[in-house]
Amino acid sequence: GAGVSQSPRYKVAKRGQDVALRCDPISGHVSLFWYQQALGQGPEFLTYFQNEAQLDKSGLPSDRFFAERPEGSVSTLKIQRTQQEDSAVYLCASSLVGRDRNYEQYFGPGTRLTVT
Amino acid sequence: SQKIEQNSEALNIQEGKTATLTCNYTNYSPAYLQWYRQDPGRGPVFLLLIRENEKEKRKERLKVTFDTTLKQSLFHITASQPADSATYLCAHLKAAGNKLTFGGGTRVLVKP
């Protein structure tokens, strides 16, 4: 079946531009997570949704970062006034709640954002 | 807050040998530890989960152990193959269905 998809796969933005990154989770997955991965590092948590409710946004680095999931399916991560330090791969993951005893998160391929 | 530490040096091993990777955590014992594999340009892929009350978990050529006294998990790839070359990530899960806290990952290169 279809996995998690993300678009665009690559994004180059000039410093100060706004960007929007899209995530299509696996159909029926209640939980959706966003992570940021710098080169050579492990992913770092940004924010978490259960259906349309944003339950944890403690990892968002600044108020320039905003995420939404208005209908409990597709999610968008928006970064306003991008800075060079925002350059990273942004990963989206989705998971089932309850039925998956491994609590596995299914990751998309990521969006590589480069801010010039 | 919880920190997960993995050896940042790449592990080079010969095909057929066993690769052993270390994951150390600080502070409290994680309810669950997960191991993921990540290939270049791709998202992590789940491999195994081990619970704090489990000593060992196996899946095909993979084995994970959990020692709460040492605050450490070991990940073994037995009879390694060049196709096992990837970065392996350890992740702490505080509660079921919650966010993951990842280590920095260890790159494994299996030479034929």
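Residues numbered from 1 in each chain as written. Chains lettered and ligands numbered in written order. Predicted model: local features only at pLDDT ≥ 70, side-chain atom pairs only at ≥ 80, totals over all residues. Heavy atoms only, no water.

A.B. asks: Help me out: how do you make sense of the environment of B:Ala19 in this one?
C.D. replies: Residues and elements named next belong to chain B. Its location among the elements puts Ala-19 in strand E3 (residues 19–25). For the pair Ala-19 and Cys-90, spaced 71 residues apart in the sequence, the C-alpha separation amounts to 15 Å. The contact partners of Ala-19, leaving out residues within four places of it in the chain, are Leu-11, Ile-13, Phe-75, His-76 and Ile-77. (Helix = DSSP H or I, 4+ residues; strand = E, 2+ residues; numbered from the N terminus. Contact = heavy atoms within 4.5 Å.)

A.B. asks: How should I be thinking about the pattern of salt bridges in this particular structure?
C.D. replies: Opposite charge on two side chains makes pairing possible when the charged atoms of those side chains draw close. All names here are of chain A. Counting across every chain of the model gives eight salt bridges over all chains. The salt bridge partner of Lys-78 is Glu-68, with a shortest N-O separation of 3.4 Å. Placement of Lys-78 in strand E8 (residues 75–79) and of Glu-68 in strand E7 (residues 65–68) is noted, with a sequence separation of ten residues between them. For Glu-68, a relative accessible area of 27% gives the class partly exposed. (Salt bridge = Lys/Arg side-chain N within 4 Å of Asp/Glu carboxyl O. Buried < 20%, exposed > 50% of the residue type's maximum accessible area, 1.4 Å probe, protein only.)

A.B. asks: I keep staring at the packing of aromatic side chains and nothing clicks. Help me out?
C.D. replies: The geometry of an aromatic ring pair is captured by the separation of the ring centres together with the interplanar angle, meaning the angle of the planes. The final tally for this structure, using the stated rule, is 13 aromatic pairs over all chains. For the ring pair A:Tyr35 and A:Phe107, a centre distance of 5.6 Å and an interplane angle of 40° mean the geometry is tilted. A residue pair is termed long-range when its members are at least 10 positions apart, and A:Tyr35 in strand E4 (residues 31–37) and A:Phe107 in strand E10 (residues 106–107) qualify at 72 residues. No difference in accessibility class separates A:Tyr35 from A:Phe107, as the two residues are buried. Measuring from centroid to centroid gives 6.2 Å for A:Phe107 and B:Phe102, while their planes differ by 65°, and the two rings are edge-to-face. Highlighted residues: A:Phe107 in strand E10 and B:Phe102 in strand E10 (residues 100–102), drawn from two different chains. Classification of A:Phe107 as buried rests on a relative accessible area of 12%. Among the residues examined, B:Phe102 registers a relative accessible area of 9% and is labelled buried. Through pairs of rings, three or more aromatic residues link up here, namely A:Phe33, A:Tyr35, A:Phe45, A:Tyr48, A:Phe107, B:Tyr36, B:Phe46 and B:Phe102. (Phe/Tyr/Trp six-rings, centres within 6.5 Å; stacked < 30°, edge-to-face > 60°.)

A.B. asks: In this structure, what is going on with the pairing of strand E11 (residues 111–115) of chain A? I would like to understand it.
C.D. replies: On any regular strand, side chains alternate: one points to one face of the sheet, the next to the other face. Residues and elements named next belong to chain A. Burial along E11 is one-sided: the face carrying Thr-111, Leu-113 and Val-115 is buried and the face carrying Arg-112 and Thr-114 is not. Of the pairings in the sheet, the one linking strand E2 (residues 10–13) to E11 comprises four bridges and is parallel in character. Note on E11: the bridge partner recorded for Ala-13 is Val-115. The sheet contact formed by strand E9 (residues 88–95) and E11 spans three bridges and is antiparallel. From the neighbouring strand, Tyr-90 faces E11, where its bridge partner is Thr-111. (Pairing = 2+ DSSP bridges.)

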